[in-house]
Amino acid sequence: MSALPLVLRTFARRAVVAVGVALAALASSAHVGTNDAFFDGPAGPYAVRVSVRPPGVIPGQAQITVRVLQGDARRVQVQAAQWNVGTKGAPAPDDAAPVAGERGLWAAQLWLMTSGSYMVNVAVDGAQGTGTATVPILAVATARLGMQRAMGWMLVVLGGVLVAGLVTLFGAAAREGGLPPGEAPDRRHRLAGRIAASGAAAVAALFLLGGSRWWDAVDREYAQGMYRPLASRADVRWGEGGQRILRFVVTDTTWMGGRMTPLIPDHGKLMHLFAVRDSSLDAFAHLHPTRLDSATFETAFPPLPTGRYRIFADVVHESGFARTLVATADVANGPKPATLTGATGDDAWLIGPVGDASARRYATGGGITVAWDSTAPITAGAETTLRFTVRDTTGQVAQLEPYMGMAGHAMVMRDDGSVFVHLHPMGSISVAAQERMLRRERGDTAQHGERQPVDTSTHASHGPTAFAGTLGFPFAFPKPGRYRVWVQVRHGGAVRTAAFDTTVR
């Protein structure tokens, strides 16, 4: 078989591989399984919800929607700025277009040319004046886009026609180019034509082969640049006094190479670590390990039952890059758990669930209940708000105390662990990343890393001291499946954890 059809077949195979070969490289960036960012909050006098869906390939276009929830907006502009250059080094803002039939909804697309942390600035102008909001996002390559089958075959056919035309042209030129008009080529000219056509076919085959090799090289380079989770490991061992200790170690050489900006606290903690018992999902813990060295974190492991646990560890870099590290840990030979729920400071856990996770109302113990108010079916990819109401022992809507500066925390996990997201009422973004970017915009060039006095002061001391017991978490489930949602609030000095199951279509 000649080289030409082989090359064409190779090209065709690559062309039809196509259609969104989305690799599972979303395993750990800002969250697991999705990089979409949601922000609920003020833009000056306006209440807005901003949704940013970064592209899977870089360069690519981010899809941005701005819903003005309160106030009359006449104009909405959006702008993407890399964390290290800020607004001054960013392109001019783009006007968002109002979405027909959706009052207060605006949409825009922004190009993200390189990977890294970005701030999306949203400016709203209207009857109440002008207001702005900043939403930190991540731009990382997580997918390789293929070509549609029809397009691939069309290109193969067109390529074949071009090659055939080239071969024919060279053959005809050698065979008949030197003959007077009307004279038939003799044997010598016909032979020259065949030789020229064969040479043209060989040259075309070489060009196609070279193009194929170039294609492979570019594809490999792109694949090597795709975002991958950092290698990590976790284990649980016995410490002094019979206390179980969870150790989490980032083993990836990229982390060890010092090529990343320092970590900064988010909600006053350098790491938010979540442990979920594998398969059954019947044991959950939200912990905050202490950093021992550049890559090692440790914390007391609560009295959870034995078994294998999925570990998700949220950290935020000074660049605003928020990532979730993933590992598993086996817990063996432990004492029988003495409590079903518990907390130590800001650490909290749940064994059970205590209540009925399949119901819409969950009893957390102590007479405190959490109800999932949303009743509409949930569709994958559709923006929604997870609404909950916390009631006290009298049945009244409870007054909540700040839990690490927030009214509540929600953790969403698909039952196979392919999705894990840590949400707050203000959305899925990292508050620390947002504050760091705003500081940089104000001219702050300090690089304090974990010593940066950002979260503990802002959230714990200067934030609200009480919240109403009605909570909403903006989110879009990235894919269908069965999910468990844990909701955590602080009431009466204790952290209350509720669990809910839901199916996403």
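Residues numbered from 1 in each chain as written. Predicted model: local features only at pLDDT ≥ 70, side-chain atom pairs only at ≥ 80, totals over all residues. Heavy atoms only, no water.

You'll find the protein entered in an unreviewed UniProt entry as Secreted protein, with Roseisolibacter agri given as the organism.

K.L.:
Before we go on, may I ask you to explain the overall build of the protein in this structure?
P.N.:
Each helix and strand counted, the protein has six helices and 30 strands in total. Put simply, the protein has 505 residues, and 48% of those count as buried. Sequence separation of at least 24 residues holds for 67% of the intrachain contacts in the protein that already meet a minimum separation of 6. Accessible surface, the protein: about 23200 Å² in total, of which carbon and sulfur atoms supply 56%. (Helix = DSSP H or I, 4+ residues; strand = E, 2+ residues; numbered from the N terminus. Buried < 20%, exposed > 50% of the residue type's maximum accessible area, 1.4 Å probe, protein only. Contact = heavy atoms within 4.5 Å. Areas by Shrake-Rupley, 256 points an atom, 1.4 Å probe, with all protein chains shown as cover.)

K.L.:
Looking at this structure, I do not really get helix H5 (residues 431-441). What am I missing?
P.N.:
Three or four residues apart is the spacing at which side chains of an α-helix point the same way, because the helix has 3.6 residues per turn. Where burial is concerned, most of H5 is hidden: eight out of the 11 residues are buried. Taken together, the buried positions of H5 are Val431, Ala432, Ala433, Gln434, Glu435, Arg436, Met437 and Arg439. Where H5 begins, one side-chain oxygen reaches toward the backbone nitrogen of Ala432, 3.3 Å away; that side chain belongs to Ser430. Downstream of H5 by a residue or two, Gly443 has a phi angle that is positive, lying close to 100 degrees. (Polar contact = N/O pair within 3.5 Å; in protein donor to acceptor, adjacent residues only side chain to side chain.)

K.L.:
Would you take a moment to explain helix H3 (residues 187-225) for this structure?
P.N.:
Helix length check: H3, at 39 residues, gives a terminal C-alpha distance of 57 Å against a target of 57 Å (1.5 Å per residue), a fit within 8%. Along H3, the residues that are buried comprise His189, Gly193, Ala197, Ala200, Ala204, Ala205, Ser212 and Ala223. At the N-terminal boundary of H3, the capping side chain belongs to Asp186, with an oxygen 3.3 Å from the backbone nitrogen of Arg188. (Expected span 1.5 Å × (residues − 1).)

K.L.:
Just to check I follow, could you spell out the sheet that holds strand E25 (residues 409-414) for this structure?
P.N.:
Either a parallel or an antiparallel arrangement is found when strands of a sheet pair, and the pairing is made through backbone hydrogen bonds. As summarised here, the arrangement of the four strands in space is E26-E25-E29-E30, forming an open sheet in which the pairing is antiparallel. Among the strands making up the open sheet, the edge pair consists of strand E26 (420-423) and strand E30 (494-504). Adjacent strand axes in the sheet meet at a mean angle of 15 degrees, parallel and antiparallel pairs treated alike. Here E25 pairs with E26 via four bridges, running antiparallel. From the neighbouring strand, Met411 faces E26, where its bridge partner is His422. (Pairing = 2+ DSSP bridges. Axes fitted to C-alpha atoms, helices over the stretch in contact; angles between N-to-C directions.)

K.L.:
Would you take a moment to explain the environment of Ala108 for this structure?
P.N.:
Of note, Ala108 is situated in strand E7 (residues 105-112). On the basis of relative accessibility, which here comes to 11%, the residue Ala108 falls in the buried class. As for Ala108 and Gln63, which are separated by 45 residues in sequence, their C-alpha atoms are 6.3 Å apart. When residues no more than four places from it in sequence are discounted, the contact partners of Ala108 are Ala62, Gln63, Ile64, Val78, Asp95 and Ala96.

K.L.:
Hey, could you run me through the side chain of His272 in this one?
P.N.:
Mapping His272 onto the fold places it in strand E13 (residues 272-277). The exposure class assigned to His272 is buried, which follows from its relative accessible area of 3%. From its side chain, His272 meets the backbone oxygen of Asp266 in a polar contact 2.7 Å long. Among the polar contacts made by the side chain of His272, one reaches the side chain of His286 at a distance of 3.4 Å. Ignoring any residue separated from it by four or fewer positions in sequence, one finds His272 in contact with Asp266, His267, His286, Leu287, His288, Phe312, Ala313, Asp314, Met404 and His422.

K.L.:
Please clarify how unusual backbone geometry should be interpreted in this entry.
P.N.:
Peptide bonds are, in most cases, trans, and in most cases residues other than glycine have a negative phi. With omega at 5 degrees, the peptide bond leading from Ile58 into Pro59 counts as cis. Considering the arrangement of structural elements, one finds Pro59 in the loop between strand E2 (46-53) and strand E3 (60-70). Unlike most non-glycine residues, His267 shows phi in positive territory, near 55 degrees. Along the polypeptide, His267 turns up in the loop between strand E12 (263-264) and E13. One non-glycine residue with positive phi stands out, namely Leu281, at about 55 degrees. Mapped onto the fold, Leu281 is located in the loop between E13 and strand E14 (283-287).

K.L.:
It is not clear to me how the packing of helix H2 (residues 149-176) against H3 should be interpreted in this structure. Could you clarify?
P.N.:
The axes of two packed helices give the description: the angle between them and the distance between them. Interhelical geometry of H2 versus H3 gives an angle of 150 degrees and a closest axis separation of 7 Å. Classed by the angle they form, the pair H2 and H3 counts as roughly antiparallel. Here H2 and H3 pass one another in a crossing that is right-handed. Listed contacts from H3 to Val163, Leu166, Val167, Phe170, Gly171, Ala174 and Arg175 of H2 are His189, Arg190, Ala192, Gly193, Ala196, Ala197, Ala200, Ala201, Ala204 and Leu208. Among the residues making up the contact of H2 with H3, the classes are represented as 12 nonpolar, three polar and two charged. (Parallel < 35°, antiparallel > 145°, perpendicular 65-115°, else oblique. Left-handed = near helix turned anticlockwise from the far one by under 90°. Nonpolar A, V, L, I, M, F, W, Y, C, P; charged D, E, K, R; others polar.)

K.L.:
Before we go on, may I ask you to explain the environment of Val504 in this structure?
P.N.:
Inspection of the secondary structure puts Val504 in strand E30. Taking the C-alpha atoms as reference points, Val504 and Phe477, 27 residues apart in sequence, are found 7.4 Å from one another.

K.L.:
Is there a simple way to think about empty space enclosed by the protein in this case?
P.N.:
The method is simple in principle: a probe with the dimensions of a water molecule rolls over the atoms, and the space it marks as empty is what remains. For the coordinates displayed, the defined rule picks out two cavities of 30 Å³ or more. Of the voids in this model, the largest cavity is the one considered here, and its volume is about 290 Å³. Along its surface, the largest cavity is lined by 26 residues, and His31, Ala322, Ser428, Ile429 and Ser430 are the ones closest to its centre. If you list the elements that add at least two residues to the lining of the largest cavity, you get strand E9 (129-139), strand E17 (307-317) and strand E18 (322-331). Broken down by class, the residue content of the lining of the largest cavity amounts to 12 nonpolar, nine polar and five charged. (1 Å grid on protein atoms, 1.4 Å probe; cavity = no way out; pocket = protein on both sides within 12 Å on 5 of 7 lines; lining within 4 Å. Points joined across faces, edges and corners; volume = space filled by probe spheres on them.)

K.L.:
Please explain the packing of aromatic side chains as it appears in this structure.
P.N.:
Here the distance between the centres and the angle between the planes together describe a pair of aromatic rings. Summed over the entire model, instances satisfying the criterion amount to 14 aromatic pairs. Geometrically, the ring pair formed by Phe38 and Phe475 is edge-to-face, given 6.3 Å between the ring centres and 70 degrees between the ring planes. Taken as a pair, Phe38 in strand E1 (residues 37-43) and Phe475 in strand E28 (residues 470-475) lie far apart in primary sequence, 437 residues in all. In this structure, Phe38 and Phe475 share a single accessibility class: buried. Seen from their ring centres, Phe477 and Tyr483 are 4.8 Å apart, and the 75 degrees between their planes marks the pair as edge-to-face. On the accessibility criterion, Phe477 (0% relative accessible area) is buried. We note Arg360 situated over the ring of Trp372; from NZ or CZ to the ring centre the distance is 4.5 Å. (Phe/Tyr/Trp six-rings, centres within 6.5 Å; stacked < 30°, edge-to-face > 60°. Lys NZ or Arg CZ within 6 Å of the ring centre and 35° of its normal.)

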